[in-house]
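Chain by chain, the residues run as shown.
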Amino acid sequence: MIPDVNYWAVVVATLSTLVVGSVWYTPRVFGTRWMRLAKVDPKAAEAAGFWPIVVTVIVSFLTAWVLAGAVYISWVFYEGSFFTASVVTAVLLWIGFTAARFITHDAFEGRPPALTTLNLAHELVTILVMSVIIGVWPPSGV
């Protein structure tokens, strides 16, 4: 079986990560706290230019595409609401892959638990926004 994917939803979900990240990491929200916890030098971050954004768009597209495919497979398997399949699949994938891996790596790298929590929360919000977009915009024929 090849999952049916709505590529317009994938593109919009990809772009949503830029919106979520821009709001999340603004100094008025969590940006200042994140920079302090992660020991990010603002001048060095600014000097990096647009390449981190390019990388973010590429990996966000891959995440949205894989999520859309996984949602379709889970929807076919469990039936029911495509929207519910989207949100539940996203949360389960976040728990099993993102959260589990972040916690493991951060523990071994000695990162502060507050940084791990902040980054995990950002990833959860990001994946939930992506799943809502994919869930309300299923492939044709669903």
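Please refer to the structure placed before this passage.
The sections below set out a description of the structure shown in this document. (Residues numbered from 1 in each chain as written. Predicted model: local features only at pLDDT ≥ 70, side-chain atom pairs only at ≥ 80, totals over all residues. Heavy atoms only, no water.)

A closer look at helix H4 (residues 51-78)
For H4, which comprises 28 residues, the first-to-last C-alpha distance of 40 Å matches the rise-based estimate of 40 Å (1.5 Å per residue) to within 8%. Close packing links the buried residues of H4 with helix H1 (7-24), helix H5 (82-109) and helix H6 (113-136). Two residues or fewer after H4 comes Glu79, characterised by a positive phi angle close to 65°. (Helix = DSSP H or I, 4+ residues; strand = E, 2+ residues; numbered from the N terminus. Expected span 1.5 Å × (residues − 1). Contact = heavy atoms within 4.5 Å.)

Details of the packing of aromatic side chains
Across all of its chains, the model carries six aromatic pairs by this definition. Ring geometry for Tyr72 against Trp75: centres 5.8 Å apart, planes inclined by 45°, an arrangement best described as tilted. In this pair, Tyr72 and Trp75 both sit in helix H4, three residues apart, roughly one turn of the helix. On the basis of relative accessibility, which here comes to 15%, the residue Tyr72 falls in the buried class. Look at Trp75 and you get buried, because its relative accessible area is 19%. Put simply, the rings of Tyr72, Trp75 and Phe82 pair up and form one aromatic cluster. (Phe/Tyr/Trp six-rings, centres within 6.5 Å; stacked < 30°, edge-to-face > 60°. Buried < 20%, exposed > 50% of the residue type's maximum accessible area, 1.4 Å probe, protein only.)

Side note on the environment of Thr126
Looking at where Thr126 falls in the secondary structure, it is placed in helix H6. When its relative accessible area of 8% is taken as the criterion, Thr126 is described as buried. If sequence neighbours within four positions are ignored, Thr126 has contacts with Thr17 and Val20.

Focus: the nonpolar core
Counting residues in each nonpolar core, the largest one holds 20 residues, and the members touching the most others are Ala13, Leu67, Phe82, Ile127, Met130 and Ile134. No other element matches the six residues that H4 contributes to this core. When near neighbours in sequence (up to four residues on either side) are disregarded, Ala13 contacts Ala64, Met130, Ile133 and Ile134. (Core = buried A, V, L, I, M, F, W, Y, C linked by side-chain atoms within 4.5 Å.)

Section: the pattern of salt bridges
For the structure shown, the criterion picks out two salt bridges. Ionic pairing is found between Asp106 and Arg111, a salt bridge with its closest N-O pair at 3.9 Å. Its salt-bridge partner being Arg111, residue Glu109 comes within 3.0 Å of it at the nearest N-O pair. Within the structure, one salt-bridge network assembled from shared partners comprises Asp106, Glu109 and Arg111. (Salt bridge = Lys/Arg side-chain N within 4 Å of Asp/Glu carboxyl O.)

A short note on unusual backbone geometry
Its identity is not glycine, yet Lys39 carries a phi of approximately 60°, on the positive side. For Lys39, the location among the structural elements is in the loop between helix H2 (31-38) and helix H3 (42-47). Judged by relative accessible area, which is 74%, Lys39 ranks as exposed. A positive phi is found at Glu79, a non-glycine position, where the angle reads about 65°. Counting through the fold element by element, Glu79 comes out in the loop between H4 and H5. Judged by relative accessible area, which is 58%, Glu79 ranks as exposed.

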